[in-house]
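# Analysis of the macromolecular model
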Amino acid sequence: MNLNIFHKNSKTHYQLQRISLVGKTLLLQLMHYTNFLFLLTLVTLLALARFVWDAPHASDAISLIYLLSLPSYYVVLLVIISLPGIVLLVSRWSRMLIPVLAAAWLVFLIADIIVFDIYRFHINPFLIQMFIMDFKGMGLTLAMQLGALLILLVLIGLAFLLWFFAQKMGSRGFKISAVFFLLSVVIFAANQTIHIWADSYKHAKITRYTPLFPLYYPILAEESGREISRLLPSFFPPGMSSDAGNQFSAGEHINYPREIQCAASNKPANILMIVLESWQADTLNAQVMPTLNTLAQQSWLFTRHISGGNATVPGLFSLLYGLHPTYYEAFKVNPAQNPSLFTETLARQGYQTRVFSYSDLRRFDLSLLFFPKAKPEDMHLEKDAAMDVNDRRLVDQLIDSYRQAGNDTQPRFDFMFLGASHYPYTSPENFRKFMPVSENKSAHFLNKNIDAVPLKNDYFNSLNYLDSLFAEIETALKAKGQWDNTWVIVTSDHAEEFNENGLGFWGHGSNYTRWQTQPPLLIKPAHATAAKQETHFSTHQDVVPTLMTRVLGCKPADISTYANGTLLTELPETRKTVIASYMTSAYWIDGIIYDKSALGLSYRWGNLNELNDAKNTQHIQSLIKEESLFFRH
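Residues numbered from 1 in each chain as written. Predicted model: local features only at pLDDT ≥ 70, side-chain atom pairs only at ≥ 80, totals over all residues. Heavy atoms only, no water.

### Considerations on the state of the cysteines
Put simply, the test is: Pairs of cysteine sulfur atoms within 2.5 Å are identified as disulfides in what follows. What counts as a helix is a DSSP run of H or I of at least four residues, what counts as a strand is a run of E of at least two, and both are numbered from the N terminus. Only protein chains enter the area calculation, which uses a 1.4 Å probe; residues under 20% of their type maximum are buried, those over 50% are exposed, and those in between are partly exposed.
A full pass over the atoms with the stated rule returns one disulfide. The disulfide partner of C262 is C554, and the gap between their sulfur atoms is 1.9 Å. Torsion about the S-S bond of the C262 and C554 cystine: about 95°, corresponding to right-handed handedness. In this pair, C262 sits in the loop between α9 (222-231) and β1 (270-276) while C554 sits in the loop between α19 (543-550) and β13 (576-580), placing the two residues 292 residues apart along the sequence. In this structure C262 comes out as partly exposed when scored by relative accessible area, which is 32%. Residue C554 is classed as buried on the basis of its relative accessible area of 2%.

### Re the sheet that holds strand β14 (residues 585-589)
Spelled out, the test is: Strand pairing follows a simple DSSP-based rule, namely that at least 2 bridges must link the two strands. Where helices are involved, their axes are fitted lines through C-alpha atoms of the stretch in contact, as for all axes, and angles between N-to-C directions lie from 0 to 180°. Residue contacts are counted whenever heavy atoms from the two residues lie within 4.5 Å of one another.
If you walk across this open sheet you meet the five strands as β13-β14-β15-β16-β17, and the pairing is antiparallel. The open sheet terminates on both sides in strands that have one partner only, identified here as β13 and β17 (607-611). The sheet shows a mean angle of 35° between the axes of neighbouring strands, direction not considered. Pairing analysis gives two bridges linking strand β16 (residues 602-604) to β17, with the strands arranged antiparallel. Along β17, the bridge assignment pairs Y603 with L611. Here helix α20 (residues 617-628) sits on the sheet and contacts β13, β14 and β15 (592-595); the angle it forms with β14, its principal contact strand, is near 130°.

### A short note on the environment of L316
Tracing the chain through its elements places L316 in helix α11 (residues 312-321). Sequence separation between L316 and S492 is 176 residues, and the spatial gap between their C-alpha atoms is 8.4 Å. With residues near it in sequence (within four places) discarded, L316 still touches V275, L361, L366, F370, F415, F417 and D493.

### A closer look at a nonpolar patch on the surface
Heads up, the rule is: Patch membership is restricted to residues that have no salt bridge and whose relative accessible area is over 30%. Joining uses 9 Å for like charges and 5 Å for the nonpolar side chains Val, Leu, Ile, Met, Phe, Trp and Tyr. Areas reported here follow the Shrake-Rupley algorithm with a probe of radius 1.4 Å; residue values treat only the protein chains shown as occluding. Note on definitions: salt bridges are taken to be side-chain nitrogens of Lys or Arg within 4 Å of carboxyl oxygens of Asp or Glu.
Together, M96, V100, L146, L149, L152, L153, I156 and F160 make up an exposed nonpolar region whose accessible area comes to about 650 Å². Among the elements that take part in the nonpolar patch, helix α7 (residues 142-200) stands out by supplying six residues, more than any other. Within the secondary structure layout, L152 lies in helix α7. Looking at L152, the relative accessible area reads 34%, which means it is partly exposed.

So yeah, pure geometry; function would need other evidence.
Right, dumping it as structure tokens:
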């Protein structure tokens, strides 16, 4: 009996010793992993010094602190993305994957440095796929490929060398590593506090650094920025930036516009641009929109038009800049320095800009980018009521501005953004023409393959209502005697899908097929012109060059110095462009979508089910150059 007890106690003691040994081993491996992460971070910061070196010089103490503390973001980023790697410590075989993954990170950094030096934008999943799948198509010679292979081997060797040295650092190295990471978290908190304040008050001396660094997504919190100013007003003064002027032009990231020559007309025409939210091209017909359909038959109608994206911001940006929407992120960090050349030229030629929008364009810095010269009293933003009610108020305000005495003494540019056709598709009771309507407008969130007819009828009714509002605007312009002297442009920020692809997609922002990126475009030029239906592909990027040339007297030969589009009157036989969502973008080449997201899908614009395997490398390279055309190299 005593022997059995002794045997059990010995077995228990052995098991405890074994558990203790395993625990000590894991702790040693965790210490080793921390030391390795410390060494990898130092190499990362050394690579990032290339971006810091090229960044514009800090203009004052706070921007210097921000720039020097910015690398702490990457320390925190590496800590976060390395946490899942702890599970690899359980086996000596799985531990060998850790330096391999670290080498992949270093390869990404070196590749991004090269890409940014050439194109002035950062590497994305689509570029990675292109490099892997089509070396020759990307123009890489054999020598360049061998050089890339050599760099890859060197970085793999470096990663394993760091892994070896991390083992030699021991407990003393672990203490140094731990202190380093703790200090980095404190510095990161200070760095992001500065950015929150700067973004809230549009201090370009800080925000201009954002597009210069890879994978850099700083914290945005406008209300927190105001609170920071309230708590520390001496260091973070409240108020909008007064430092976003030309003192940052030297060495700045953006080179826009490069050149432009315009001659104002002695008898300038007015411009009325109306954007109807989420307007699908197929709805421009006599049943849904009789007034606009009639106007389309008498004007220029572009039957195969492509928006700048499947969401509002890229759509409006490309429409009012004539640039690919991928420029938006870089332009918005300093909107005071990079406003739309189109609206700036309007202001220089004496146009009065009036804005009527259901959406608060102050969000995403759109009003600062699009309409910096508009007077506060000419900014009409209605966003507090139902969208059809807001639209009613906006149209009344526009018509009232026509009726006011003295409003025809200078040319005018009116921009109107109406939102009844945005989900949940609202309209007054007397506009319920299409039936049945949806009893539960959110049912498609639960059942992606639900019958689309009721919800689409709601959509048709909202568009029918907007069509009636346009009829009132047309009547008011004719009564004022300004219809013939006004260029009228009617389009949308993007289109709207009702599961036409049969894959459960509704609304917008989820794919780049025509159902989400093909809105109507109709243009009524000033004075009598022949009606035409254009079947060549047109893009949002073409609208600004056309207006700059035909209305503002800018030379056609100068288009490439300020826009990525072409003239709507001279559309080419084949077409390529860039379209975007809020998070990703894609290349559109002759009806084929090349999605630049991590999925890397390629499919037909007309049907998401028709996948595409071939790549038009020549056109892709051309678009890559267009995306970097207005960056300094």
